[in-house]
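# Examining the three-dimensional arrangement
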Amino acid sequence: MRVPRSAPLRYLLLLTGVWLAIFTLTRLTLLLTHLDEAGHAYLSVFAVGLAYDLGFLLYAALPLAIYLLLCPPRLWHSRVNRIVLQLILGLSIFVMLFTAVAEWLFWDEFGVRFNFIAVDYLVYSDEVLNNILESYPIALLLSVLGVVTVALCLLLRKTFNAALNAPLPAFRLRALSLIVLFVLAGLGTQFIDQEHPRGQDGNAYQRELASNGPYQFFAAFRNNELDYPQFYGTLPQAEAGAQMHAELNEADARFIGKEAQDIRRTIVASGQRRTPNIVLVTIESLSAKYLGSNGDNRNLTPNLDALRKQSLYFNNFYATGTRTDRGLEAITLSMPPTPGRSIVKRIGRESGFASLGQQLAEVGYDSVFVYGGRGYFDNMNAFFSGNGYRVVDQSSVKESDISFKNAWGMSDEDLYAQALQLADADHANQVPFFLQLMTTSNHRPYTYPNGRIDIPSGNGREGAVKYTDYAIGRFLDQARGKPWFDNTLFIFVADHTAGSAGKEDLPVQNYQIPLFIHAPKWIEPREEGKLASQIDLAPTVLGLLNMSYTSTFFGRDLLREDPLAPRVVIGNYQHLGLFDGQDLAILSPRGGLRVHEQALGASQERQVDIDNPLIKRAIAYYQSASYSFTQHLLEWAPQTQVAAAVK
């Protein structure tokens with residue numbers, strides 16, 4: 001091949017050539033260590049892999065190419081430019097070598113190139129960093145990579161000097177070269193599908209070997225999901241479907257799906273339908289342990305402790321995940337926490353579901369998501385507006401109506417003030433309302449309006465919890481004076497706990513949250529000890545309304561007396577659990593199957609096989625949820641369409 005005479009192109013070719021060599025050596029090393037699994041399609045793996053590597057390089061090198069090809073001659077020939085380009089070469093070699101080592105370690109653990117698990121490591125950076133420091137000789141590894149980098153730079157010094165000393169073409173020729181690179185990069189993104197390599201049908205090892213690790217890492221930020229069947233234990237579809245039907249076989253349910261794992265069913269209510277207004281408040285980070293009525297002696301929740309005596313209170317209730325988007329997903333869609341990111345954040349795939357808001361909008365409710373912050377965070381606006389809600393967030397509110405705000409949004413008092421205005425407007429128009437609120441004050445930096453409580457603003461979680469409780473008490477006091485209060489169902493639930501870390505991967509006790517259902521005129525105050533979680537909230541609400549509907553919910557109506565086996569589902573991106581009140585089944589990547597016996601006590605862990613009954617229940621939930629999502633079995637359809645399909 002003829003080497004370009006252009007100095008910028010020669011330097012760019014040197015840099016990307018080193019990257020390509022490292023990519024190829026990485027692929028070769030991974031292949032040689034998995035020859036049996038990868039089969040004998042070596043030529044195909046490297047041919048397809050080369051296409052994907054080149055596609056990534058064209059895209060990744062564009063920022064540097066812009067500088068190189070548009071650099072003025074005077075700057076190009078300066079000593080500063082030479083030093084900068086030498087540093088770029090050295091740093092890029094070090095980063096690529098480090099990436100190659102990281103790919104090897106990741107492959108050794110998971111048997112795949114970078115994916116969302118690698119991205120997840122950034123989410124839990126403290127834990128991951130400590131694990132890496134304890135597991136590998138990092139100082140020695142970095143020193144070795146540094147030495148290799150210096151050696152390669154010395155080896156390439158002659159080529160580097162020749163590149164920089166080559167002629168610098170006229171500006172129009174360099175600009176034309178840049179345009180060509182942009183066109184090639186654009187064609188690469190159009191015709192090379194990095195998400196599904198890769199022309200290697202039937203063999204997962206071949207598909208992974210043919211992909212490009214760095215691209216897969218960055219693509220995972222957008223894809224935000226793991227392929228359940230590839231990474232987790234599975235059951236035959238018929239068995240998984242039968243198990244799920246048993247889990248959801250309430251007396252008034254009639255399954256109407258045509259596939260084994262389709263959980264769609266009609267719920268036929270007995271009795272007259274109610275149409276109360278509904279205010280569902282999702283409270284940021286409110287662990288059950290903060291309640292004084294649960295033993296906390298700091299007097300942080302006097303209003304909630306009083307509300308507990310006036311409400312239907314669930315004292316054995318659990319969050320499904322560790323972040324706000326997980327809580328919203330579970331409450332709104334009644335979905336188990338499938339691996340990877342929540343559906344809320346799966347851009348382009350977050351809408352069209354049979355949500356709680358969509359079900360209520362179908363029967364005439366004004367379903368509104370009311371958020372204290374800006375709804376672009378966590379993709380909330382797109383999720384709720386695409387699933388039957390209209391959205392009111394901080395950006396919808398006039399500045400004059402916001403008395404206090406911080407980085408996360410307006411204070412809880414301001415949020416509740418907006419809810420009262422929305423409720424008043426709907427009541428005046430004789431429209432039943434469903435307001436689903438999401439608070440923000442119980443979150444770092446823990447700031448709130450001065451003079452509300454006896455703990456100064458910004459002094460930590462205790463003050464934020466007490467202010468959260470104060471704002472709820474004030475909101476209910478104001479609501480009691482409204483003409484719509486007696487016909488309104490108030491629900492208070494946390495999105496997740498304040499901390500879910502523990503010795504175990506899924507410490508069950510750290511997922512416990514409160515749930516209050518308050519309607520003094522028609523719900524008798526009492527304590528409910530049934531084991532339950534956020535996915536059970538939506539069917540319970542519709543059950544309270546005596547509403548008949550077509551359900552895609554994985555949850556159950558908690559106020560029914562059906563003799564179904566107790567369970568909650570919890571997860572943390574990678575590990576997926578099912579707790580039956582005593583033992584916890586955990587599904588992990590690479591087919592890991594474990595049971596924690598006495599999960600709320602001694603928590604003895606043991607490895608089990610797929611025939612374990614609790615493991616089978618866990619697999620049925622998560623396999624069916626993943627299948628239903630990918631096969632579009634959870635989508636919303638108006639009742640008229642459903643009735644026609646059933647006939």
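Residues numbered from 1 in each chain as written. Predicted model: local features only at pLDDT ≥ 70, side-chain atom pairs only at ≥ 80, totals over all residues. Heavy atoms only, no water.

With that settled, the discussion passes to the sheet that holds strand E2 (residues 265–267). If you trace the 3 strands from one edge of the open sheet to the other, you get E1-E2-E13, paired in antiparallel fashion. With partners counted over all chains shown, the strands left at the sheet margins are strand E1 (253–255) and strand E13 (549–551), one partner each. Ignoring which end each strand starts from, the neighbouring axes of this sheet average 30° apart. (Pairing = 2+ DSSP bridges. Helix = DSSP H or I, 4+ residues; strand = E, 2+ residues; numbered from the N terminus. Axes fitted to C-alpha atoms, helices over the stretch in contact; angles between N-to-C directions.)

This part is about a nonpolar patch on the surface. Judged by side-chain polarity, Leu173, Leu176, Ile179, Val180, Val183, Leu184 and Leu187 come together as a nonpolar surface patch covering roughly 600 Å² of accessible area. Topologically, Leu173 is positioned in helix H11 (residues 171–191). Assessed through its relative accessible area of 42%, Leu173 is described here as partly exposed. (Patch = residues over 30% accessible without salt bridge, like charges linked within 9 Å, V, L, I, M, F, W, Y side chains within 5 Å. Areas by Shrake-Rupley, 256 points an atom, 1.4 Å probe, with all protein chains shown as cover. Salt bridge = Lys/Arg side-chain N within 4 Å of Asp/Glu carboxyl O. Buried < 20%, exposed > 50% of the residue type's maximum accessible area, 1.4 Å probe, protein only.)

A few words now on the packing of aromatic side chains. Taken as a whole and assessed by the stated rule, the structure comprises 20 aromatic pairs. Judged by centre distance (6.0 Å) and plane angle (70°), the ring pair of Tyr11 and Phe160 falls under edge-to-face. Placement of Tyr11 in helix H1 (residues 7–32) and of Phe160 in helix H10 (residues 157–165) is noted, with a sequence separation of 149 residues between them. In this pair, the class of Tyr11 matches that of Phe160, namely buried. (Phe/Tyr/Trp six-rings, centres within 6.5 Å; stacked < 30°, edge-to-face > 60°.)

Once that is clear, we can look at the sheet that holds strand E14 (residues 568–571). Taking strand neighbours across the sheet as the criterion, the 5 strands line up as E14-E15-E16-E17-E18 in an open arrangement whose pairing is antiparallel. Every interior strand has two partners, whereas the edge strands, E14 and strand E18 (604–607), have only one. When strand polarity is set aside, the average angle formed by the axes of neighbouring strands in this sheet is 20°. In the sheet, strand E15 (residues 576–579) pairs with strand E16 (residues 584–588) via 4 bridges, with the strands oriented antiparallel. Counted as the bridge partner of Gly577 is Ile586 from E16. Docked against the sheet, helix H23 (residues 613–630) engages E14, E15, E16 and strand E17 (592–597), running at close to 55° with respect to E16. (Contact = heavy atoms within 4.5 Å.)

Where charged atoms of side chains with opposite charge meet at close range, the side chains can pair. By the definition in use, this model includes 22 salt bridges. Note that Asp252 is salt-bridged to Arg560, the shortest N-O span being 3.2 Å. Of this pair, Asp252 sits in the loop between helix H15 (237–247) and E1 while Arg560 sits in the loop between E13 and E14; the two residues are 308 residues apart in sequence, bridging distant segments of the chain. A relative accessible area of 16% places Asp252 in the buried class. For Arg560, a relative accessible area of 24% puts it in the partly exposed group. One network of salt bridges, with partners in common, ties together Glu247, Arg556 and Arg617.

Let us look at the packing of H1 against H10. At a minimum axis separation of 7 Å, H1 and H10 run at an interaxial angle of 155°. With respect to H10, the element H1 is oriented roughly antiparallel. Of H10, the residues touching H1 (which contributes Ala7, Arg10, Tyr11 and Leu14) are Thr159, Phe160, Ala162, Ala163 and Leu164. Each residue belonging to the contact of H1 with H10 can be placed in one class, and the counts come to 7 nonpolar, 1 polar and 1 charged. (Parallel < 35°, antiparallel > 145°, perpendicular 65-115°, else oblique. Nonpolar A, V, L, I, M, F, W, Y, C, P; charged D, E, K, R; others polar.)

Note the cis peptide between Arg444 and Pro445, where omega equals 20°. Topologically, Pro445 is positioned in the loop between strand E8 (433–438) and helix H21 (461–480). The phi dihedral of Tyr446 falls on the positive side, at around 60°, and the residue is not glycine. Tracing the chain through its elements places Tyr446 in the loop between E8 and H21. For Gln598, which is not glycine, the phi dihedral falls at a positive 55°. Within the secondary structure layout, Gln598 lies in the loop between E17 and E18. For Gln598, a relative accessible area of 42% gives the class partly exposed.

On to the pairing of E8. Look at any regular strand and the pattern is simple: side chains alternate between the two faces of the sheet. E8 sits mainly inside the fold: 6 of its 6 residues count as buried. Across the two faces of E8 the burial is the same, with Phe433, Leu435 and Leu437 and Phe434, Gln436 and Met438 all buried. Across 5 bridges, the pairing between strand E3 (residues 277–283) and E8 is parallel. Within E8, the position partnered with Val281 by the bridge is Leu437.

Turning our eyes to something else, we now look at the confidence of the model for the protein. The predicted model of the protein has a mean per-residue pLDDT of 88, with 89% of residues at 70 or higher. Within the model, the stretch residues 194–202 combines pLDDT values under 50 with 24 contacts to residues more than four positions away or in other chains. Predicted confidence is poor over residues 642–647, with pLDDT under 50, and the contacts of this stretch with residues over four places away or in other chains come to 5 contacts. (pLDDT = per-residue confidence, 0-100.)

Let's shift gears to the nonpolar core. Phe492 and Leu587 are the most contacted members of the largest nonpolar core, which has 120 residues in total. With residues near it in sequence (within four places) discarded, Leu587 still touches Tyr228, Tyr232, Gln574, His575, Leu576, Gly592, Leu593, Ile615, Ala618, Ile619 and Tyr622. Among the nonpolar cores identified, the runner-up in size contains 36 residues, and Leu15, Val18, Leu62 and Phe160 belong to it. (Core = buried A, V, L, I, M, F, W, Y, C linked by side-chain atoms within 4.5 Å.)

Burial of E15 is two-sided: the residues Leu576 and Leu578 facing one way and the residues Gly577 and Phe579 facing the other way are all buried. Inspection of the sheet shows E14 paired to E15 by 4 bridges, in the antiparallel sense. Note on E15: the bridge partner recorded for Val568 is Phe579. The hairpin formed by E14 and E15 contains 4 residues between the paired strands, and Tyr573 there has a positive phi angle of roughly 80°. Hairpin geometry of E15 and E16 is characterised by an intervening segment of 4 residues between the two adjacent antiparallel strands and by a positive phi of about 100° at Gly581.

With that settled, the discussion passes to H23. Compared with the 26 Å implied by 1.5 Å per residue over 18 residues, the 26 Å span of H23 between its first and last C-alpha is a close match. The element H23 is extensively covered by neighbouring structure, given that 15 of its 18 residues are classed as buried. If you check the start of H23, you find a side-chain oxygen 2.9 Å away from the backbone N of Leu614, and it comes from Asn612. Once H23 ends, the next one or two residues include His632, with phi positive near 60°. (Expected span 1.5 Å × (residues − 1). Polar contact = N/O pair within 3.5 Å; in protein donor to acceptor, adjacent residues only side chain to side chain.)

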